[in-house]
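# Coordinates in review
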Amino acid sequence: MHLAVIGTGYVGLVTGTCFADTGFRVTCVDIDENKVRILRSGKATIFEAGLEDLLQRSVREHRLSFTTSLPDAAEIADVLFLALPTPPGADGAADLSFVLQVADDLGAYWSAQKSRRYRVVVNKSTVPVGTADKVRARLEAQGLVAGEDFDVVSNPEFLREGVAVADFMKPERVVVGTSSERAAAIMRSIYEPFVRQGNPILVMDERSSEMTKYAANSFLAMKVSFINEVANLCEKVGANVDEVRVGIGLDSRIGNKFLYPGLGFGGSCFPKDVQALRRTAEEYDYDFQLVDAVLSVNDRQQQKLPRWAAERFGGSLEGRKLAVWGLAFKAKTDDIRESPALSVVRSLLDLGAELTVFDPEAIDNTRRVFGDSLRYAGSMYETLDGADAIVICTEWHEFRRPDWDEIDRRLAHRIIFDGRNLYKPSRMAEMGYEYYSVGRPHVTEDVLA
Ligand SMILES: NC(=O)c1ccc[n+]([C@@H]2O[C@H](COP(=O)([O-])OP(=O)(O)OC[C@H]3O[C@@H](n4cnc5c(N)ncnc54)[C@H](O)[C@@H]3O)[C@@H](O)[C@H]2O)c1
């Protein structure tokens, strides 16, 4: 069986590489010529732990290839995974133009062939309920017959950036949405190597599968917004959200994951997927009140750090030098899409601050967005020279146990605004730092006096 992956971004590259690692022949397609050139040379175009080694091995052993030619993949592949962008359109709905265009192109190619054979087209992109039907209709419009020439399957992806390879190799579950037994059997055989420890492959109808992805991401986003609300209230009532978080998380009905307060959620998935679910609800005339709250809490949360900084420095940050640690939307990735750190950076710039920023992986991506409006440091310590305060936006491991002597030597004032709760307030007070963190007692000038 030959597989193709159309769209070789975060999801497509991991998907293609992991399938190839289990022995499948895989052709990855992308319209970005530069990306394809880099991938052909055996270099990963994204930072993901373990990815480049797997990629190089499969390229070397001729199981994995990269092309800009969709017809090449359409010709050779039996199963084609669409891992294309589905960005939010102006109204918040997922923009399906990439997916539907590729469906049209595949349909045109196959319908022009003299002899036809059966193919499975798999939506791996996150797509709204009803998209499998739309893709099927596009292929049928080219004269292809569903069930004979092709089937369309929904197969949402649940990998987490930062641990994407590990997640793909050992998924907690695989969701397959199809009403075709033939397609279901093929999907089972493709995923069997990944669920040898007994995790389930759930086969359901297309619409339930599409809904599962949006419901999962919106629920996780809701957990983040919920604990952020609790944290904000903790600050007001004098409670410590760290204690509360553990206190509630040990209840197995609640669970301790995704209960970390901070700057809110970001990344290429949660914000757009929650918006898309809201849009779907609107289309079906349903008032899904929780999703509105999840989004507005998240917007407000991203403004906490700039507000603290402005208040601390008398309302304006004009002429203030701040060191920003962390730009990626979370640790272990170079992805800055919808990163809360970027909202913080924008607001701090608007307030007049001069920013020197550092991130272990996301500097290049950030430079493309902000250009010369920021100074870019080569290490976390280089951000500090003469800075009035540190602003922590991403929970990179290396920020957790810094060299405090080095910080003391370089930082002008002992002030830290921590959007990721990396340090203990009591320890910071002992060291004489003003320390503002989320949902925990602030160590203010007055506390230190
Ligand atoms: N990033 C994640 O963590 C994640 C997790 C689960 C699901 N998803 C979903 O998977 C989908 C892809 O996300 P991503 O993060 O991989 O996006 P991405 O932007 O990183 O990658 C998409 C790739 O598709 C390519 N592309 C665009 N048009 C094309 C075309 N016509 N033919 C071939 N290639 C084309 C782009 O050049 C790009 O390389 C989205 O629907 C997203 O919501 C993402």
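Residues numbered from 1 in each chain as written. Predicted model: local features only at pLDDT ≥ 70, side-chain atom pairs only at ≥ 80, totals over all residues. Heavy atoms only, no water.

## Digging into the overall build of the chain
Scanning the chain for helices and strands turns up 18 helices and 14 strands. A compact globule built from 449 residues would reach a C-alpha radius of gyration of about 22 Å, and the chain, at 24 Å, matches this within 12%. Principal-axis analysis of the C-alpha atoms places the extent of the chain at approximately 85 × 50 × 40 Å. Out of the 449 residues in the chain, the part that is buried amounts to 54%. In the form shown here, the chain has an accessible surface area of approximately 20,100 Å², with 49% of it arising from carbon and sulfur atoms. For the chain, the distance from the average position of its 54 positive side-chain charges to the average position of its 66 negative side-chain charges is 3 Å. (Helix = DSSP H or I, 4+ residues; strand = E, 2+ residues; numbered from the N terminus. Rg over C-alpha atoms; globule rule 2.2 N^0.38 Å. Buried < 20%, exposed > 50% of the residue type's maximum accessible area, 1.4 Å probe, protein only. Areas by Shrake-Rupley, 256 points an atom, 1.4 Å probe, with all protein chains shown as cover. Lys, Arg positive; Asp, Glu negative; His and termini not counted. Charge placed at Lys NZ, Arg CZ, Asp CG, Glu CD.)

## A closer look at the site of the ligand
For the ligand, the set of nearby residues contains 26 residues, the closest of which are Asp30, Lys35, Thr86, Glu161 and Lys272. Between the ligand and the protein, one listed contact pairs an oxygen atom with a backbone N or O atom of Thr126 at 2.9 Å. If you list the elements that add at least two residues to the shell around the ligand, you get α1 (10–21) and α5 (97–111). Each residue belonging to the shell around the ligand can be placed in one class, and the counts come to 12 nonpolar, seven polar and seven charged. Each of domain 1 (2–204) and domain 2 (214–300) gives at least three residues to the shell around the ligand. (Near = heavy atom within 4 Å. Polar contact = N/O pair within 3.5 Å; in protein donor to acceptor, adjacent residues only side chain to side chain. Nonpolar A, V, L, I, M, F, W, Y, C, P; charged D, E, K, R; others polar. Domains from an automatic or database assignment.)

## Some points on helix α6 (residues 131–140)
An α-helical turn contains 3.6 residues, so any two residues separated by three or four positions project in the same direction. Among the residues making up α6, those that are buried are Thr131, Ala132, Val135, Arg136 and Leu139. All buried residues of α6 fall inside an arc of 140° around its axis, so they share one side. Buried residues along α6 sit against α5, β5 (119–123), β6 (150–154) and α9 (206–237). (Arc of directions from axis to C-beta. Contact = heavy atoms within 4.5 Å.)

## Focus on the nonpolar core
Membership of the largest hydrophobic core comes to 61 residues, with the highest contact counts inside it found for Leu348, Phe417 and Tyr423. No other element matches helix α14 (residues 340–350), which puts five residues into this core. A domain split of this core shows at least three residues from each of domain 2 (214–300) and domain 3 (302–448). Residues within four places of Leu348 in sequence aside, it is in contact with Pro306, Ala309, Leu317, Leu322, Val324, Ala353, Leu355 and Val391. Core analysis: the next-biggest nonpolar cluster, separate from the first, contains 41 residues, Val79, Val176, Ile186 and Ile201 among them. (Core = buried A, V, L, I, M, F, W, Y, C linked by side-chain atoms within 4.5 Å.)

## Some points on the packing of aromatic side chains
Under the defined criterion, the tally for this structure stands at 19 aromatic pairs. On the numbers, 6.1 Å between centres and 75° between planes, the contact of Tyr286 with Phe288 is edge-to-face. According to the relative accessible area criterion, Tyr286 is exposed, its value standing at 53%. Since its relative accessible area comes to 29%, Phe288 is described here as partly exposed. Through a chain of ring-to-ring contacts, the aromatic side chains of Phe19, Phe24, Phe81, Phe168, Tyr191 and Phe194 assemble into a single cluster. Seen from the ring of Tyr118, Arg182 lies directly overhead, with NZ or CZ sitting 3.6 Å from the centre. Over the face of the ring belonging to Tyr376 we find Arg367, whose NZ or CZ atom lies 4.6 Å from the ring centre. (Phe/Tyr/Trp six-rings, centres within 6.5 Å; stacked < 30°, edge-to-face > 60°. Lys NZ or Arg CZ within 6 Å of the ring centre and 35° of its normal.)

## Points about the domain arrangement of the chain
When the parts of a complex come together, some accessible area is lost, and that lost area is often taken as the interface size. For the chain, the domain assignment lists domain 1 (2–204), domain 2 (214–300) and domain 3 (302–448). Using C-alpha coordinates to define each centre, domain 1 is positioned 30 Å away from domain 2. If you look at the interface, domain 1 gives 13 residues, while domain 2 gives nine residues. Contact between domain 1 and domain 2 buries roughly 870 Å² in total, counting both sides, with carbon and sulfur atoms accounting for 56%. Linking domain 1 with domain 2 are one salt bridge. Arg279 serves as the salt-bridge partner of Asp91, at 3.0 Å between the closest nitrogen and oxygen. One can count two residue pairs in polar contact (both at pLDDT 80 or more) joining domain 1 with domain 2. (Buried area = accessible area lost by both parts, 1.4 Å probe. Salt bridge = Lys/Arg side-chain N within 4 Å of Asp/Glu carboxyl O.)

## Looking at the sheet that holds strand β13 (residues 415–418)
What the six strands build is an open sheet, ordered β11-β10-β9-β12-β13-β14; its pairing is parallel. The open sheet has two edge strands with one neighbour each: β11 (375–376) and β14 (434–437). As paired strands, strand β10 (residues 354–358) and β11 are joined by two bridges and run parallel to one another. Note that in β11 the partner of Thr356 across the bridge is Arg375. Contacts between helix α13 (residues 304–312) and the sheet are confined to β12 (389–392), β13 and β14, with β13 contributing the most and set at about 155° to the helix. (Pairing = 2+ DSSP bridges. Axes fitted to C-alpha atoms, helices over the stretch in contact; angles between N-to-C directions.)

## Some remarks on the pairing of strand β9 (residues 321–325)
For β9, the tally of buried residues reaches four of five residues, placing the bulk of the element in the interior. Handedness of the crossover is the feature at issue here: the chain leaves β9, passes through α14, returns alongside β10, and the resulting connection is right-handed. Examined bridge by bridge, β9 and β12 share four bridges and lie parallel to one another. Within β12, the position partnered with Trp325 by the bridge is Ile392. (Right-handed = clockwise from strand over helix to strand, strands pointing away.)

## Quick notes on unusual backbone geometry
For His62, which is not a glycine, the phi torsion comes out positive at approximately 60°. Secondary-structure assignment places His62 in the loop between α3 (51–60) and β3 (64–67). For His62, a relative accessible area of 63% gives the class exposed.

## A closer look at the packing of α9 against helix α12 (residues 289–301)
Packed helices, taken two at a time, are described by their axes: the angle between them and the distance between them. Look at α9 against α12: their axes get within 9 Å of each other, and the N-to-C directions meet at 55°. Between α9 and α12, the interaxial angle falls into the category oblique. Taken as a pair, α9 and α12 cross one another with a handedness that is left-handed. On α12, the residues that touch Ala221, Met222, Ser225, Asn228, Glu229 and Asn232 of α9 are Leu290, Val294, Val297, Asn298, Arg300 and Gln301. Looking at the contact of α9 with α12 residue by residue, the class counts come to five nonpolar, five polar and two charged. (Parallel < 35°, antiparallel > 145°, perpendicular 65-115°, else oblique. Left-handed = near helix turned anticlockwise from the far one by under 90°.)

## So, the pattern of salt bridges
Where charged atoms from two side chains of opposite charge come close, those side chains can pair. Under the criterion given, the structure shown has 31 salt bridges. Put simply, Glu229 and Arg300 hold a salt bridge, and the shortest N to O gap is 2.4 Å. Highlighted residues: Glu229 in helix α9 and Arg300 in helix α12, separated in sequence by 71 residues. The class for Glu229 is partly exposed, based on a relative accessible area of 34%. Overall, the relative accessible area of 46% leaves Arg300 in the partly exposed class. For Asp292, the salt bridge is made with Arg278, and the minimal N-O distance between the two is 2.8 Å. Pair noted here: Asp292 is in helix α12 and Arg278 is in helix α11 (residues 270–283), with a separation of 14 residues, a long-range link. Judged by its relative accessible area of 31%, Asp292 is partly exposed. Connected through salt bridges with shared partners, the residues Asp133, Arg136, Glu206 and Arg207 form a single ionic network.

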